[in-house]
Amino acid sequence: MENDIEIDGMRMHYEVTGPEEGAPVILMHGWGCDHTTVRSIANALNGSMRVYNVDLPGHGASQEPPTAWGVNDYTLMMERFVIMLGISDPVLIGHSFGGRISILMASRNPISRIVLVDAAGIKPKRPLKYYLKVYSFKAAKKILPLIFGKRQGGKMIDTWRGKAGSADYRNSSPMMRMVMSRCVNEDLTDRLPHIKASTLLLWGEDDKATPMTDARLMEKLIPDAGLVSWPGCGHYSFLDNPGAFRAVIRNFLLSPIKH
């Protein structure tokens, strides 16, 4: 069932599947995706759980944020979503960028269980070459308009940005580029020890976007966490190995909670 909800003047789209009496699950996709990308995860659970599969602001049919949001802004939105729908103690499932929100949300709210799928949240260690490129670009943004004029300088900067930026960055609107730049530089490592709910980490061992080192650090710092990974799978492990993924996530979420 497709739905829209207005939260603080912003429209957010989401899909609900599964029985009304089922335990609630909040499912959050990665950057540049929408709820259809992770629908197979919802399908693995919708016979038993009530899954709220959202389009995060700026993705799918949901409105863009009015300003350059950070992870906290997205998390506040999801906390409001839970309150407005009367959901209590949900399961959180977050893929990639959705994992960022899951981490912050779980670190400060009552959560039943958490599944982090190839999740972002740990700021990557970048080589010197990366910082040289970033600072060169920032300098060019100031200098080129002065030398070539605002219009021509702006075109040159856009060309540079298109060649240097990631595919996700190039495919985003100007506002979402600012959001992305802000969010990817936020490090949530210090929030991991505050997660009290049982956490399952599901990872592709060939993931280049959020490498296995991130998964192992999360497993180490989250008090009650376990890691399952698959060789030959990348950043979309739930699509690369759907059968095994389905079996593991169902075993974790549909088994009784141990007290």
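Before reading on, note that the structure itself is shown above.
Remember, it's a predicted structure, so these values are computed and weren't measured experimentally. Residue positions are given per chain, counting from 1 as you read along its sequence in written order. Where totals are concerned, whole chains, interfaces and linings use all residues; where local detail is concerned, this predicted model gives features only for residues with pLDDT of at least 70, and gives and counts side-chain atom pairs only at 80 or more. Just so you know, side-chain values use all the structure's heavy atoms and leave hydrogens and water out.

Description of the pairing of strand S5 (residues 91-95)
Accessible area is worked out with a 1.4 Å probe on protein chains only. A residue is then buried under 20% of its type maximum, exposed over 50%, and partly exposed in between. What counts as a helix is a DSSP run of H or I of at least four residues, what counts as a strand is a run of E of at least two, and both are numbered from the N terminus. A large share of S5 lies buried, amounting to five of its five residues. Across the two faces of S5 the burial is the same, with Val91, Ile93 and His95 and Leu92 and Gly94 all buried. The pairing criterion is simple: DSSP has to find at least two bridges between the two strands. Summarising the sheet, strand S3 (residues 23-28) and S5 pair through four bridges and their orientation is parallel. If you follow Val25 over to S5, its bridge partner there is Val91.

Overview of the pattern of salt bridges
Definition used for salt bridges: Asp or Glu carboxyl oxygen within 4 Å of a side-chain nitrogen of Lys or Arg. Scanning all chains against the criterion turns up five salt bridges. Here Asp8 makes a salt bridge to Arg80, at a shortest N to O gap of 3.4 Å. Within this pair, whereas Asp8 is found in the loop between strand S1 (2-7) and strand S2 (10-17), its partner Arg80 is found in helix H2 (residues 71-84), the two being separated by 72 residues in sequence. By relative accessible area, Asp8 is classed as exposed at 61%. Where Arg108 meets Glu79, a salt bridge forms, and the shortest distance between an N and an O atom there is 2.8 Å. Here Arg108, found in the loop between helix H3 (97-106) and strand S6 (113-117), pairs with Glu79, found in helix H2; they are 29 residues apart in sequence, far enough to count as distant. With relative accessibility at 35%, the residue Arg108 sits in the partly exposed group. Salt bridges linked by common partners bring Glu2, Glu15 and Arg39 together as one network.

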